Amino acid sequence: MGRKVWFPVVSGPLAPYSAGFESWLASRAYSRSAAAQRLYQFDQLSRWLEREGLGSDELTVEQAERFAAERRAAGLVSWVSPRSVVLPLGYLRELGVVPTPAAAVAHGPLEVLLAEYCCYLRVERRLSEHTVRDAYGPAARLFLAGREGPDGLGLERLSAADVSSFLSRECSTRSVSGARDLVCALRSFLRYLHLAGVIETPLVWAVPSVADLRDRTLPRGLEPAAIKRLLASCDRRRTVGRRDHAILLLLSRLGLRAGEVAAITLDDIDWRAGLLFVRGKGSRHDVLPLPVDLGEAIVGYLRRRPRCESRALFVTVNAPRTALAQGTVRWIVRAACDRAGLPRVGAHRLRHTAATEMLRHGASLAEIGQVLRHREQKTTAIYAKVDRRALRALARPWPSGEGGVA
């Protein structure tokens, strides 16, 4: 018989919500012992509210963090970090007991302009929240840094010289890819400023192109033997091994991007038709055929997939069971490289691998572009350089007559 787990009786303002909290934890795949520990934290938080003379509706993020800080100051070691109160707050927020934190209100011309720009990116340009939050928004903020003054941002005086000076200063400290990303984001921001009437002269032309070295090198896919080692490194006797094996197959066979793998849901697979629905870049949706071996790998994982409320196909193995993040998919590739004894590569290298393997088996560039879902043919054209059979037919023979080299 297993060890008996003791569940504390919650008292205080949060007592009416304790039974629901226990079942809420169970729905997120918390074990009984882990749920009991979280219920103990819930009880301690409720008792603290009672001592402070606060009701459940007065529990805010700041109050919860003060609860954790007081435990830390008292020398306790459990539930003492601000992150530890995120879970009970999330549960109470779902019930409507705790108010949802109000969205930050933009103050000042800088914050107002950035908020409007980010709204434009989400609504008009259909960019993902990840791209807006981590790429375009920070680039615009960096460009505007130091411009706020008593008279506002002074963007009506913005000139091409200001743009050149900014890029000269920032690009010199970045890699080629980093400089390219910054230039792309800055073009977007300057285009918005002109469309919104903030500046009269379109300054997009003042942003130079970054030397693109991608066309000077060959797309680097992995050799079939390396792919076999990556797949073999997954212990399919375990749930996590089956999950990682299916993910590596999706990356290397269908050439999906890491974010596309993370976005797959249980409803995106049509098992009867053998089709996979893919949510791509720029809110683009595509349907790809699902190879038999890949479908079998996914079924093998689904037989072990933890039960949870998330509809994501790939979920974390530890509670709370949630959808895998895009960064986690990238980490799975790096971890597989470590296990297989291979140099670490990014998830996008497996996308190149899918393209080069299709080319090796006789697929045309047009077919490769369809599978990889490229918007422009020139993007797929880089793989023409690894089609050695076609290049050999085009190569001119070396002259063998007089003056030739023996």
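Presented here is an overview of the structure given in this document.

This part takes up the nonpolar core. Among the nonpolar cores identified, the biggest contains 43 residues, and L230, L250, L256, L276 and F314 are the most heavily contacted of them. Apart from residues lying up to four places away in sequence, L230 is in contact with L222, L248, A336, C337, A340, L342 and L350. The next biggest cluster of nonpolar side chains, apart from the first, holds 31 residues, and it includes L110, Y192, L193 and V207.

Residues lying three or four places apart along an α-helix face the same way, a consequence of the helix completing one turn every 3.6 residues. A rise of 1.5 Å per residue sets the reference length of helix α13 (residues 326–340), with its 15 residues, at 21 Å; its end C-alpha atoms lie 22 Å apart and thus fit the reference within 8%. Every buried residue of α13 is accounted for by V329, I332, V333, A335, A336, C337 and A340. Buried residues along α13 sit against α9 (224–232), α10 (239–253), α11 (258–263) and α14 (347–360). Immediately downstream of α13, the backbone of G341 shows phi near 75°, a positive value.

Another aspect to go through is the side chain of D268. Inspection of the secondary structure assignment puts D268 in the loop between α11 and β1 (269–270). You can call D268 buried: its relative accessible area is 6%. Of the polar contacts made by the side chain of D268, one reaches the backbone nitrogen of T265; its length is 2.8 Å. Reaching out from D268, the side chain makes a polar contact with the side chain of R279 at a distance of 2.3 Å. Ignoring anything within four residues of it in the chain, the contact list for D268 reads A263, L275, L276, F277 and R279.

Turning to the sheet that holds strand β3 (residues 285–289), a few remarks are in order. Taken in spatial order, the 3 strands of this open sheet run β1-β2-β3, and their pairing is antiparallel. Edge positions in the sheet fall to β1 and β3, since each of these pairs with one other strand and no more.

Quick look at the packing of aromatic side chains now. The tally for this structure, following the rule as stated, stands at 13 aromatic pairs. Measuring from ring centre to ring centre gives 5.0 Å for F21 and Y91, while their planes differ by 45°; the resulting arrangement is tilted. Of this pair, F21 sits in helix α1 (residues 18–27) while Y91 sits in helix α4 (residues 86–95); the two residues are 70 residues apart in sequence, bridging distant segments of the chain. For F21, a relative accessible area of 0% translates into the label buried. Under the relative-accessibility criterion, Y91 is labelled buried at 5%. The interplanar angle of 50° and the centroid separation of 5.4 Å between the aromatic rings of W24 and Y91 together place this pair among those described as tilted. In this pair, W24 sits in helix α1 while Y91 sits in helix α4, placing the two residues 67 residues apart along the sequence. The class for W24 is buried, based on a relative accessible area of 11%. Following the ring pairs from residue to residue traces out a cluster consisting of Y117, Y120, F143, F166, F189 and Y192.

All right, on to the environment of W331 then. Take W331: it is sitting in helix α13. Sequence spacing of W331 and A258 is 73 residues, and the spatial spacing of their C-alpha atoms is 9.9 Å.

Turning our eyes to something else, we now look at the layout of surface pockets. As a volume, the second largest pocket reaches approximately 420 Å³. Residues of the lining of the second largest pocket, tallied by class, amount to 12 nonpolar, 3 polar and 4 charged.

Bringing the side chain of S84 into the picture now. With respect to the helices and strands, S84 occurs in the loop between α3 (61–73) and α4. The contacts of S84, once residues within four sequence positions are left out, are R38, Q41 and W79.

If a residue is not glycine, its phi is most likely negative; likewise, a peptide bond is most likely trans. Of note, the phi angle at W79 is positive, near 55°, even though the residue is not glycine. Within the secondary structure, W79 is located in the loop between α3 and α4. When its relative accessible area of 16% is taken as the criterion, W79 is described as buried. Non-glycine residue R373 carries a positive phi angle of around 60°. Its place among the elements puts R373 in the loop between α15 (365–372) and α16 (377–380).

Attention now moves to the packing of helix α7 (residues 160–171) against helix α8 (residues 176–195). Orientation of α7 relative to α8, taken along the N-to-C sense of each, is 155°, at an axis distance of 11 Å. Compared by their axis directions, α7 and α8 come out roughly antiparallel. In the packing of α7 onto α8, the handedness of the crossing is right-handed. Counted together, V163, F166, L167, E170 and C171 of α7 and A179, L182, V183, L186 and L190 of α8 form the full contact between these two elements. In the contact of α7 with α8, the residues fall into 9 nonpolar, no polar and 1 charged.

Conventions we followed
- Residues numbered from 1 in each chain as written.
- Predicted model: local features only at pLDDT ≥ 70, side-chain atom pairs only at ≥ 80, totals over all residues.
- Heavy atoms only, no water.
- Core = buried A, V, L, I, M, F, W, Y, C linked by side-chain atoms within 4.5 Å.
- Buried < 20%, exposed > 50% of the residue type's maximum accessible area, 1.4 Å probe, protein only.
- Contact = heavy atoms within 4.5 Å.
- Helix = DSSP H or I, 4+ residues; strand = E, 2+ residues; numbered from the N terminus.
- Expected span 1.5 Å × (residues − 1).
- Polar contact = N/O pair within 3.5 Å; in protein donor to acceptor, adjacent residues only side chain to side chain.
- Pairing = 2+ DSSP bridges.
- Phe/Tyr/Trp six-rings, centres within 6.5 Å; stacked < 30°, edge-to-face > 60°.
- 1 Å grid on protein atoms, 1.4 Å probe; cavity = no way out; pocket = protein on both sides within 12 Å on 5 of 7 lines; lining within 4 Å.
- Points joined across faces, edges and corners; volume = space filled by probe spheres on them.
- Nonpolar A, V, L, I, M, F, W, Y, C, P; charged D, E, K, R; others polar.
- Axes fitted to C-alpha atoms, helices over the stretch in contact; angles between N-to-C directions.
- Parallel < 35°, antiparallel > 145°, perpendicular 65-115°, else oblique.
- Left-handed = near helix turned anticlockwise from the far one by under 90°.

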